[in-house]
Amino acid sequence: MLIIDSKDCENIDKALKKYKKKFEKARILLQLRERQSFTKPSIKRRTKVLKAVYKQQLASGKFDA
């Protein structure tokens, strides 16, 4: 649960902006999407390795995106 400390004289728009920033920083939406369906550990590992290979290829200049 996110709690935003706001002063009485603070504008509602500023408080909403603070909340949105805190929400994005907490990565709550990402967690919700991740928990919608179960992903096997082997598939998580595979995607992690593929991402690492892709990043390495980009760094070395072999792959143009």
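What you see is a predicted model, and the numbers here were worked out from it, not measured in a lab.

Peer 1: Explain the overall build of the protein to me, using residue names and the numbers behind them.
Peer 2: For the protein, the helix and strand inventory stands at 3 helices and 0 strands. Here the C-alpha radius of gyration of the protein, 19 Å, is well above what a compact globule of 65 residues would show, namely 11 Å. Projected onto the principal axes, the alpha-carbon positions of the protein cover approximately 55 × 30 × 15 Å. Here the protein holds 65 residues, and 2% of them are scored as buried. Here the protein displays about 6,800 Å² of accessible surface, and carbon together with sulfur accounts for 56% of that area. Where the 19 positive side-chain charges of the protein centre and where its 7 negative ones centre are 12 Å apart.

Peer 1: Help me get a handle on a positive patch on the surface, residues and values and all.
Peer 2: A cluster of basic residues, Lys7, Lys14, Lys17, Lys21 and Lys25, forms a positive patch at the surface. Position of Lys14 relative to the elements: it lies in helix α1 (residues 12-26).

Peer 1: For a nonpolar patch on the surface, give the residues involved together with the corresponding values.
Peer 2: On the surface, Tyr54, Leu58 and Phe63 cluster together to form a nonpolar patch covering roughly 260 Å² of accessible area. As for its position among the elements, Tyr54 is in helix α3 (residues 41-60). For Tyr54, a relative accessible area of 36% gives the class partly exposed.

Peer 1: Quick rundown of unusual backbone geometry? Include the residues and the values.
Peer 2: In this model, Arg27 sits at a positive phi of 60°, which is unusual for a non-glycine residue. Mapped onto the secondary structure, Arg27 falls in the loop between α1 and α2 (28-35).

Peer 1: So what's going on with the confidence of the model for the protein? Residues and values would help.
Peer 2: Model confidence for the protein is summarised by a mean pLDDT of 88, while 97% of its residues fall at 70 or above. Summarising per-element confidence for the protein, the mean pLDDT is lowest in α1 (89) and highest in α3 (95).

Peer 1: Help me get a handle on α1, residues and values and all.
Peer 2: The first and last C-alpha atoms of α1 sit 21 Å apart over 15 residues, in line with the 21 Å expected at 1.5 Å per residue. For α1, a buried count of 1 out of 15 residues is recorded, marking the element as mostly open to its surroundings.

Calculation criteria
Residues numbered from 1 in each chain as written. Predicted model: local features only at pLDDT ≥ 70, side-chain atom pairs only at ≥ 80, totals over all residues. Heavy atoms only, no water. Helix = DSSP H or I, 4+ residues; strand = E, 2+ residues; numbered from the N terminus. Rg over C-alpha atoms; globule rule 2.2 N^0.38 Å. Buried < 20%, exposed > 50% of the residue type's maximum accessible area, 1.4 Å probe, protein only. Areas by Shrake-Rupley, 256 points an atom, 1.4 Å probe, with all protein chains shown as cover. Lys, Arg positive; Asp, Glu negative; His and termini not counted. Charge placed at Lys NZ, Arg CZ, Asp CG, Glu CD. Patch = residues over 30% accessible without salt bridge, like charges linked within 9 Å, V, L, I, M, F, W, Y side chains within 5 Å. Salt bridge = Lys/Arg side-chain N within 4 Å of Asp/Glu carboxyl O. pLDDT = per-residue confidence, 0-100. Expected span 1.5 Å × (residues − 1).

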